Amino acid sequence: ALLLSIIALSSVPLGLSTPITVCLQSIGRASSVFRVTVIAFLCGGIASFLLAPIVGTVGAALGRSVLFIVTLVYGISVTRKFVKVRYDKKALSKVILASILMAALVSALQFCFYHLLMLPVYVITGAFAYFFALKALNGIDKQDLLIIERTIPKPIWRYVELFLRF
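Remember, it's a predicted structure, so these values are computed and weren't measured experimentally.

K.L.:
Mind laying out the packing of helix H1 (residues 2-26) against helix H2 (residues 30-55), listing which residues take part and the relevant values?
P.N.:
For the pair H1 and H2, interaxial distance at closest approach is 7 Å and the crossing angle is 145°. Across the interface between the two elements, Thr21, Leu24 and Gln25 from H1 touch Ala30, Ser32 and Val33 from H2. The class makeup of the residues in the contact of H1 with H2 is three nonpolar, three polar and no charged.

K.L.:
Break down the nonpolar core for me, citing the residues and quoting the values.
P.N.:
Counting residues in each nonpolar core, the largest one holds 10 residues, listed as Val12, Leu16, Ile20, Leu24, Val33, Val36, Leu72, Ile76, Val78 and Val85. Of the residues forming this core, the biggest block, four residues, is contributed by H1. Excluding residues within four positions of it along the chain, Val33 makes contact with Thr21, Leu24 and Gln25. Among the nonpolar cores identified, the runner-up in size contains nine residues, and Ala98, Val106, Tyr122 and Ala129 belong to it.

K.L.:
Summarise the side chain of Ser48; cite the residues concerned and give the values.
P.N.:
Its location among the elements puts Ser48 in helix H2. In this structure Ser48 touches Pro53, Gly59, Ala60, Gly63 and Arg64, once residues within four positions along its chain are discounted.

K.L.:
Give a description of the packing of helix H6 (residues 142-151) against helix H7 (residues 154-164) that names residues and reports values.
P.N.:
Axis separation between H6 and H7 bottoms out at 10 Å; the angle between their running directions is 155°. Classified by the interaxial angle, the pair formed by H6 and H7 is roughly antiparallel. Here the hand of the crossing between H6 and H7 comes out right-handed. Residues Leu145, Ile148 and Glu149 of H6 form the contact with H7, whose participating residues are Trp157, Val160 and Leu164. Split by residue class, the contact of H6 with H7 holds five nonpolar, no polar and one charged.

K.L.:
Tell me what's going on with the packing of aromatic side chains, and back it up with residues and numbers.
P.N.:
Across all of its chains, the model carries two aromatic pairs by this definition. Note on Phe128 and Phe132: the rings are 6.4 Å apart at their centroids and 25° apart in plane angle, and the pair reads as stacked. Of this pair, Phe128 and Phe132 both sit in helix H5 (residues 119-136), separated by four residues, roughly a single helical turn. Since its relative accessible area comes to 41%, Phe128 is described here as partly exposed. Between Tyr130 and Phe131, the ring centres sit 5.5 Å apart and the planes meet at 75°, which makes this aromatic pair edge-to-face.

K.L.:
Lay out unusual backbone geometry with the relevant residues and their values.
P.N.:
Positive phi, normally seen in glycine, also occurs at Asn138, with a value near 55°. Tracing the backbone shows Asn138 in the loop between H5 and H6. The class for Asn138 is exposed, based on a relative accessible area of 61%.

Procedures and definitions
- Residues numbered from 1 in each chain as written.
- Predicted model: local features only at pLDDT ≥ 70, side-chain atom pairs only at ≥ 80, totals over all residues.
- Heavy atoms only, no water.
- Axes fitted to C-alpha atoms, helices over the stretch in contact; angles between N-to-C directions.
- Helix = DSSP H or I, 4+ residues; strand = E, 2+ residues; numbered from the N terminus.
- Contact = heavy atoms within 4.5 Å.
- Nonpolar A, V, L, I, M, F, W, Y, C, P; charged D, E, K, R; others polar.
- Core = buried A, V, L, I, M, F, W, Y, C linked by side-chain atoms within 4.5 Å.
- Buried < 20%, exposed > 50% of the residue type's maximum accessible area, 1.4 Å probe, protein only.
- Parallel < 35°, antiparallel > 145°, perpendicular 65-115°, else oblique.
- Left-handed = near helix turned anticlockwise from the far one by under 90°.
- Phe/Tyr/Trp six-rings, centres within 6.5 Å; stacked < 30°, edge-to-face > 60°.

Here it is as structure tokens:
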């Protein structure tokens, strides 16, 4: 339960760091992206190396989280030298809250009904919980739906559209 929660919550800084690296690449700063990646990799690797022998796979997951957090924090500090970095704080708070709610639900589910073969159920439950939480928090707007519609193949979009009507 804890392992999947750590991995799920660590995806927040990963998702936030992606636009930073894309921005750096698009302004011709590929060497900065490389530097951020190497520093983050080293920090995450050291954290995993130190924590894995103590707490096992949870330590490895925490090391992975360190990698994503360092990528975000160091990436922002490097990017600020070239462009102004801004995030929509209201949207960000909704994403973080939805992630916490999803992680809590999946953790509780795993605590009550843990079995390795249930992993697909945990993942599907987490995805539904996350999207329902985002919908309840009004964290999905029309612009998001347009991006999703253009990204997802049309046959799958029909099911997503049905899901979003709830």
